[in-house]
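Overview (structure and organization)
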Amino acid sequence: MKKLILLAVFALASVQSWAADTIKVGLLVEMTGTFADFGLQITNGAKAYMKQHGDTVAGKKIELIIKDTTGPAPDVAKRLAQELVVKDKVDFLAGFGLTPNALAVAPIATEAKIPTIIMNAATSVITAKSPYIVRTSFTLAQVTEPMAQWAYRNGVRKVFTVVADYGPGHDAEDTFKKAFTKMGGQVVGELRVPLTNPEFGPFVQRVKDGKPEAVFVFVPAGEMAVGFMKAYNERGLAKAGIKLLSTGDVTEDGVIEALGDNALGVISTHQYSAAHVSPENKAFLAAYSQIDPKTRPNFMAVGAYDGMAAIYEVVRQLKGNIDGDKAMQVLKGMKLLSPRGPIQIDPETRDIVQNVYVREVKKVNGKLYNVEFETINAVKDPGK
Ligand code: PHB
């Protein structure tokens, strides 16, 4: 009997020490469906960081637990987050390609006091929904305001806006209008396209009929960006002299080759281009290609890579003993040298402060890239 009890105690102790030796990161991402590229980029970016820096920090092994939200599916995201917290006992929640999934998980982050790292979702309000949320990606307002200002400074006066009809699209539309009209420009038309299965042709035709000097576009990266560009070309907007201005989501590195030479000359504003010249980006690109040599990393991979850097720093500073409130103290004000340039977590809003670049699509060594030509330093989210 004594032997049995001893054995049981021993078994329990070994389970506990195993649990305590591992830091678990629950990654909630879109791995299937229309938005499967988001999950691919985010998981690749996180794995690239771990490949480059090893999977042990402060004597603890870092473990990723990847869950598929399947697309914009708040109910699925919420259920998976609950499982990660209750069953897997994760130390961090992270991932979130899409805004609706991030919003659905905010109450769980608050209730369980789990530090939650938004690696992509970019609607301004997300970080305000829980004191346990930080963002290592961007906000639409942050990259849109510089686009409106660049357009006006470069002689554009009449713009039509086209955005995806949900949180980040509404932020982009509002921000563009506010910044552009403040300078003296005019928004001559506004259209919102559905997030799922949009038919871009008729929307783009309405833009053409409105005869603006330029169209400003935000749609989520990936298939929607390809769909918009196709309609823009088929309906002959470029030929009609209507310039295309966009956030970098439309010309992102993951799809830019699929857009083809029609994309040459498109001006966009964003925080990351694979063509960014820096030692940090060079190291990132090398680590990423070890994980996935077939795809080019985009801004989502970088948001995930930096999110892992932030998690590693928390684990290091807390010596492997993760407590939600202490973790948030470490995250607030954290500075990192990212592949995109210097970044900081604003201690008040827990949102990211970073450079925004104005870029033009050009050929570099025969391939299409967003070539940065202007930098706006240390931009805070103006949507706060
Ligand atoms: C979002 O859902 O917040 C989102 C998704 C894709 C993007 C940008 C924002 O390219």
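Residues numbered from 1 in each chain as written. Predicted model: local features only at pLDDT ≥ 70, side-chain atom pairs only at ≥ 80, totals over all residues. Heavy atoms only, no water.

Looking at the overall build of the protein
Broken down by element type, the protein carries twelve helices and 15 strands. Since a compact globule built from 384 residues should have a radius of gyration of about 21 Å, the 22 Å found for the protein is in line with a globular shape. Its C-alpha atoms put the protein at 90 × 40 × 35 Å along the principal axes. Burial status across the protein gives 55% buried among its 384 residues. Restricting to contacts in the protein with at least 6 residues of sequence separation, those with at least 24 account for 68%. As presented, the protein carries roughly 16,000 Å² of accessible surface, and 53% of it is formed by carbon and sulfur atoms. Within the protein, the 40 negative side-chain charges are centred at a point lying 2 Å from the centre of the 45 positive side-chain charges. (Helix = DSSP H or I, 4+ residues; strand = E, 2+ residues; numbered from the N terminus. Rg over C-alpha atoms; globule rule 2.2 N^0.38 Å. Buried < 20%, exposed > 50% of the residue type's maximum accessible area, 1.4 Å probe, protein only. Contact = heavy atoms within 4.5 Å. Areas by Shrake-Rupley, 256 points an atom, 1.4 Å probe, with all protein chains shown as cover. Lys, Arg positive; Asp, Glu negative; His and termini not counted. Charge placed at Lys NZ, Arg CZ, Asp CG, Glu CD.)

Digging into the packing of aromatic side chains
Working definition: an aromatic ring pair is given by the centre-to-centre distance plus the angle between the planes. As enumerated under the stated definition, the model contains 13 aromatic pairs in all. Aromatic side chains Phe-35 and Phe-38 sit 5.2 Å apart centroid to centroid with 65° between the ring planes, which places their arrangement in the edge-to-face category. This pair shows no difference in class: Phe-35 is buried, exactly as Phe-38 is. Counting every residue linked through ring pairs, the aromatic cluster contains Tyr-49, Tyr-272, Phe-284, Tyr-288, Tyr-305 and Tyr-312. The ring of Tyr-152 has Arg-157 sitting right over it, with the charged end atom 3.6 Å from the ring centre. (Phe/Tyr/Trp six-rings, centres within 6.5 Å; stacked < 30°, edge-to-face > 60°. Lys NZ or Arg CZ within 6 Å of the ring centre and 35° of its normal.)

Notes on the environment of Thr-251
Summarising the element assignment, Thr-251 is placed in the loop between β10 (243–247) and α9 (256–259). Accessibility expressed as a relative area gives 0% for Thr-251, which makes it buried. Separated by 164 residues in sequence, Thr-251 and Lys-87 have C-alpha atoms that sit 40 Å apart. Beyond its immediate chain neighbours, meaning those up to four positions away, Thr-251 contacts Ser-246, Ile-256, Leu-259, Val-266, Ser-268, Arg-359, Val-361 and Asn-370.

Quick look at helix α10 (residues 279–291)
Since there are 3.6 residues in each turn of an α-helix, residues three or four apart along the chain are aligned in direction. Relative to the 18 Å expected for 13 residues at 1.5 Å per residue, α10 spans 19 Å between its end C-alpha atoms, a close match to the ideal helical length. What α10 keeps buried is the set Asn-281, Phe-284, Ala-287 and Tyr-288. Taken around the axis of α10, the buried residues stretch over an arc of 130°, which confines them to a single face. The outward face of α10, more than 90 degrees from its buried face, is lined by the exposed residues Pro-279, Lys-282 and Gln-290. (Expected span 1.5 Å × (residues − 1). Arc of directions from axis to C-beta.)

Thoughts on the sheet that holds strand β5 (residues 116–118)
Read across the open sheet, the six strands follow the order β2-β3-β1-β4-β5-β6; overall the sheet is mixed. Only two strands of the sheet have a single neighbouring strand rather than two, namely β2 (56–57) and β6 (133–135). Looking at chain direction, β5 and β6 are connected through three bridges and run parallel. If you follow Ile-118 over to β6, its bridge partner there is Arg-135. The sheet contacts of helix α2 (residues 36–53) involve β1 (22–29), β3 (60–68) and β4 (92–95), and relative to β3 the element is tilted by about 175°. (Pairing = 2+ DSSP bridges. Axes fitted to C-alpha atoms, helices over the stretch in contact; angles between N-to-C directions.)

So, the pairing of strand β11 (residues 267–270)
Burial along β11 is two-sided: the face carrying Ile-267 and Thr-269 and the face carrying Ser-268 and His-270 are both buried. Relative to strand β14 (residues 352–364), β11 runs antiparallel, the two being bridged by four bridges. The partner of Thr-269 across the bridge, within β14, is Val-358.

Describing the domain arrangement of the protein
How big an interface is tends to be stated in terms of accessible area lost as the parts join. Entries for the protein in the domain assignment read domain 1 (2–138 + 277–350) and domain 2 (140–270 + 357–379). Once you take the C-alpha centre of each, domain 1 and domain 2 turn out to be 30 Å apart. Across the contact, 19 residues belong to domain 1 and 23 residues belong to domain 2. Here domain 1 meets domain 2 over a buried area of about 1,600 Å², counting both sides, of which 59% is carbon and sulfur. Among the residues domain 1 hides against domain 2, the three largest losses belong to Phe-138, Arg-296 and Phe-299. Together they make up 40% of the total. Applying the counting rule to domain 1 against domain 2 returns two salt bridges. (Domains from an automatic or database assignment. Buried area = accessible area lost by both parts, 1.4 Å probe. Salt bridge = Lys/Arg side-chain N within 4 Å of Asp/Glu carboxyl O.)

Brief notes about the layout of surface pockets
The volume enclosed by the largest pocket comes to roughly 240 Å³. What lines the largest pocket is a set of 15 residues, and nearest its centre among them are Tyr-232, Ala-238, Leu-244, Leu-264 and Val-266. Those elements that provide at least two residues to the lining of the largest pocket are α8 (223–234) and β10. (1 Å grid on protein atoms, 1.4 Å probe; cavity = no way out; pocket = protein on both sides within 12 Å on 5 of 7 lines; lining within 4 Å. Points joined across faces, edges and corners; volume = space filled by probe spheres on them.)

Re the pattern of salt bridges
All chains considered together, the criterion is met by 17 salt bridges. In this structure, Glu-374 and Arg-153 form a salt bridge, with 2.8 Å as the shortest nitrogen-oxygen distance. Of the two residues, Glu-374 is situated in strand β15 (residues 367–379) and Arg-153 in helix α5 (residues 140–153); the sequence distance between them amounts to 221 residues. Of the residues examined, Glu-374 reaches a relative accessible area of 28% and is grouped as partly exposed. Because the salt bridges share partners, they merge into one network encompassing Arg-135, Asp-351, Asp-381 and Lys-384.

Focus on the site of the ligand
The immediate surroundings of the ligand are formed by 16 residues, with Thr-99, Ala-122, Tyr-166, Ala-221 and Asp-249 found nearest. A distance of 2.8 Å separates an oxygen atom of the ligand from a polar atom in the backbone of Ala-122. Asp-249 places a side-chain nitrogen or oxygen 2.6 Å from an oxygen atom of the ligand. Here the ligand has 280 Å² of accessible area as a free molecule, and 100% of this is covered by the chains. A molecule is said to occupy a pocket when more than half its atoms come within 2 Å of that pocket's grid points, and by this definition the ligand occupies the largest cavity. Looking at the shell around the ligand, its residues break down into twelve nonpolar, three polar and one charged. Looking at which domains feed residues into the shell around the ligand, each of domain 1 (2–138 + 277–350) and domain 2 (140–270 + 357–379) supplies at least three. (Near = heavy atom within 4 Å. Polar contact = N/O pair within 3.5 Å; in protein donor to acceptor, adjacent residues only side chain to side chain. Sits in = over half its atoms within 2 Å of the grid points. Nonpolar A, V, L, I, M, F, W, Y, C, P; charged D, E, K, R; others polar.)

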